Amino acid sequence: FEPGSVFKIVTASGALEEKKFTEEDKIFCENGAYKFSTHILHDHRPHGWLTFREVIEQSSNIGTSKIAQGLGNDLLYKYIKLYGFGSKLGIDLPGEISGIARPPRYWSKISITTIPMGQEVAVTALQLAAEISIIANGGQLMKPYIVKEIRDKYGEPIKEFQPKMINKVLSLDTAKRIKKILVGVIEEGTGKLGKVLGFSAAGKTGTAQKLEPNGTYSHDKFMASFIGFAPAEDPVIAVAITVDEPHPDYFGGVVAAPVFKIVASDSLRYLRTRQAPEEI
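None of these values were measured; they are calculated from a predicted model.

Analysis parameters
Residue numbers restart at each chain and count upward from 1, following the sequence in its written direction. Owing to the predicted nature of the model, reporting of local features is limited to residues with pLDDT of at least 70; listing and counting of side-chain atom pairs is limited to 80 or more, with chain, interface and lining totals taken over all residues. By convention in this description, side-chain values take in all heavy atoms of the structure and omit both hydrogens and water. Comment: elements are numbered from the N terminus, with helices defined as DSSP H or I runs of at least four residues and strands as E runs of at least two. In this setup the radius of gyration rests on C-alpha atoms only. A globule is expected at 2.2 Å times the number of residues raised to 0.38. Three labels apply to residues, based on accessible area from a 1.4 Å probe with only protein chains included: buried if under 20% of the type maximum, exposed if over 50%, partly exposed otherwise in between. We call two residues in contact when some of their heavy atoms are within 4.5 Å. Surface accessibility in these figures is a Shrake-Rupley result with a 1.4 Å probe; residues are shielded only by whichever protein chains are displayed. For the charge count, each Lys or Arg is scored as positive and each Asp or Glu as negative, with His and the chain ends excluded. Note that the charge is assigned to NZ on lysines, CZ on arginines, CG on aspartates and CD on glutamates. Here, nonpolar core refers to any group of buried Ala, Val, Leu, Ile, Met, Phe, Trp, Tyr and Cys residues whose side-chain atoms link them within 4.5 Å. Stacked, tilted and edge-to-face are the three classes assigned to paired rings of Phe, Tyr and Trp, where Trp is represented by its six-membered ring and a pair needs centres within 6.5 Å; plane angles under 30 degrees give stacked, over 60 edge-to-face, the rest tilted. Criterion for a charge above a ring: Arg CZ or Lys NZ at most 6 Å from the ring centre, at most 35 degrees from the ring normal. Paired strands, as defined in this entry, are two strands with at least two bridges between them according to DSSP. Note on definitions: angles span 0 to 180 degrees between N-to-C directions of axes, and those axes are lines fitted to C-alpha atoms, for helices only across the stretch in contact.

Caption draft 1: Just the overall build of the chain, in detail. A count of helical and extended segments in the chain gives nine helices and eleven strands. In terms of overall dimensions, the chain is globule-like: its C-alpha atoms have a radius of gyration of 19 Å, near the 19 Å expected for 280 residues. Overall, the C-alpha framework of the chain stretches about 70 × 40 × 40 Å when taken along its three principal axes. Counting every position in the chain, which comprises 280 residues, the buried fraction comes to 48%. A sequence separation of at least 24 residues applies to 66% of the contacts in the chain between residues at least 6 apart. Total accessible area on the chain is roughly 13700 Å²; 54% of this is exposed by carbon and sulfur atoms. Distance between charge centroids for the chain: 3 Å, based on 34 positive and 32 negative side chains.

In structure tokens form, the structure reads like this:
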């Protein structure tokens with residue numbers, strides 16, 4: 001499926017890593033309508049001047065497309081691939097697919113404005129979980145795995161599996177800076193309904209129009225997403241929520257963020273209880 005705005009993390013982190021922008025750089029978001037080539041790009045609500053940080057917090061399509069133009073086609077594609085999109089992650093389960101991330105030679109004139117906001121690419125929920133985990137892991141893309149160890153009939157481990165890094169995507173500094181922005185998404189931006197009581201969290205909302213059979217974007221069928229991790233300062237869990245064709249509300253911040261809040265809250269309380277039984 002096309003991921004929508006959860007994909008904006010790729011553009012934002014690439015732009016900071018390549019030193020094309022800083023968090024406080026101002027970007028004019030065209031008051032909600034931006035003509036680029038033959039295409040008019042819209043924001044879900046109009047914005048004038050926003051800082052780089054606010055572009056991601058408020059999930060401005062126009063602001064993100066301008067950041068992507070500052071990055072350029074080749075560097076944007078470099079980070080899409082570093083993040084693992086368009087490739088299998090190698091999880092120990094059958095049926096994994098690679099999704100779609102075409103190289104720039106196949107892009108149109110307007111791709112630099114649409115790909116950054118999660119159109120023209122196709123992803124799996126596993127890839128979205130890996131994307132947000134990169135920020136939680138200090139810039140490292142880790143190979144996902146299900147089986148921790150295999151034991152014999154006596155309960156003794158005969159094979160163990162350890163975490164493996166696929167590649168280094170971002171410097172630790174850039175990962176920390178993006179994490180701060182993603183905390184802002186929940187504290188100040190489109191992800192307020194994902195705020196986890198008793199824990200800090202970082203995350204990103206996404207709302208993607210689905211493609212109709214004739215190749216046009218639907219106006220009533222959406223994928224609502226939220227990806228996040230908690231606690232923000234010392235992450236324990238990463239969560240990817242995707243909701244297929246929600247009704248009547250369809251924004252990721254309204255539909256998927258509250259699910260993240262419940263899943264993260266319950267999971268963290270369960271883990272904390274298991275780790276510290278004397279506190280019960």
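Caption draft 2: Structural view of the nonpolar core. Counting residues in hydrophobic clusters, the biggest one holds 53 residues, and the most contacted among them are F52, Y83 and L182. It is helix α6 (residues 125-136) that contributes the most residues to this core, six residues altogether. The contact partners of Y83, leaving out residues within four places of it in the chain, are I9, V10, S13, E131, I134, I135, L141, V169 and L170. Listed in part, the 14 residues of the second largest apolar core include V196, A256, A264 and L268.

Caption draft 3: Quick look at unusual backbone geometry. That bond from A230 to P231 is cis: its omega, -20°, falls within 30 degrees of zero. With respect to the helices and strands, P231 occurs in the loop between β10 (217-230) and β11 (237-244). Cis geometry marks the peptide bond from H247 to P248, where omega comes out at -5°. As for its placement among the helices and strands, P248 is situated in the loop between β11 and α8 (252-255). Although it is not a glycine, E30 sits at a positive phi angle of roughly 60°. In this fold, E30 is placed in the loop between β1 (26-28) and β2 (33-36). One non-glycine residue, S37, adopts positive backbone phi at about 55°. Along the chain, the position of S37 falls in the loop between β2 and β3 (39-42). Of the residues examined, S37 reaches a relative accessible area of 35% and is grouped as partly exposed.

Caption draft 4: Region of the structure containing the environment of T11. Topologically, T11 is positioned in helix α1 (residues 8-17). Classification of T11 by relative accessible area gives buried; the value is 1%. Between the C-alpha atoms of T11 and I80, which are 69 residues apart in sequence, the distance is 8.3 Å. Residue contacts for T11: discarding those within four places in its chain leaves T64, I67, A68, L71, L76 and P116.

Caption draft 5: Molecular detail of the packing of aromatic side chains. In this structure the tally under the stated criterion is eight aromatic pairs. Centre to centre, the rings of F21 and F52 are 5.8 Å apart; their planes meet at 35°, and the pair counts as tilted. With a gap of 31 residues between them, F21 in the loop between α1 and β1 and F52 in helix α2 (residues 52-57) connect regions that are remote in the sequence. The buried category is assigned to F21, whose relative accessible area is 15%. With a centroid separation of 6.5 Å and 20° between ring planes, the pair formed by Y83 and F85 is classed as stacked. Residue Y83 shares its accessibility class with F85, and that shared class is buried. A network of ring pairs unites the aromatic residues F7, Y83 and F85 as a single cluster. When the ring centre of Y34 is taken as origin, the NZ or CZ atom of K66, which lies over that ring, is 5.0 Å away.

Caption draft 6: Region of the structure containing the sheet that holds strand β9 (residues 202-211). Spatial ordering of the open sheet is given by β9-β10-β11, a layout of three strands whose pairing is antiparallel. On the outer flanks of this sheet lie β9 and β11, each paired with one strand and no other. Taking the axes of each pair of neighbouring strands and ignoring which way they run, one obtains an average angle of 15° across the sheet. Examined bridge by bridge, β9 and β10 share nine bridges and lie antiparallel to one another. Across the sheet, G206 pairs through a bridge with S225, a residue of β10.

Shape is all these values report; function is a separate question.
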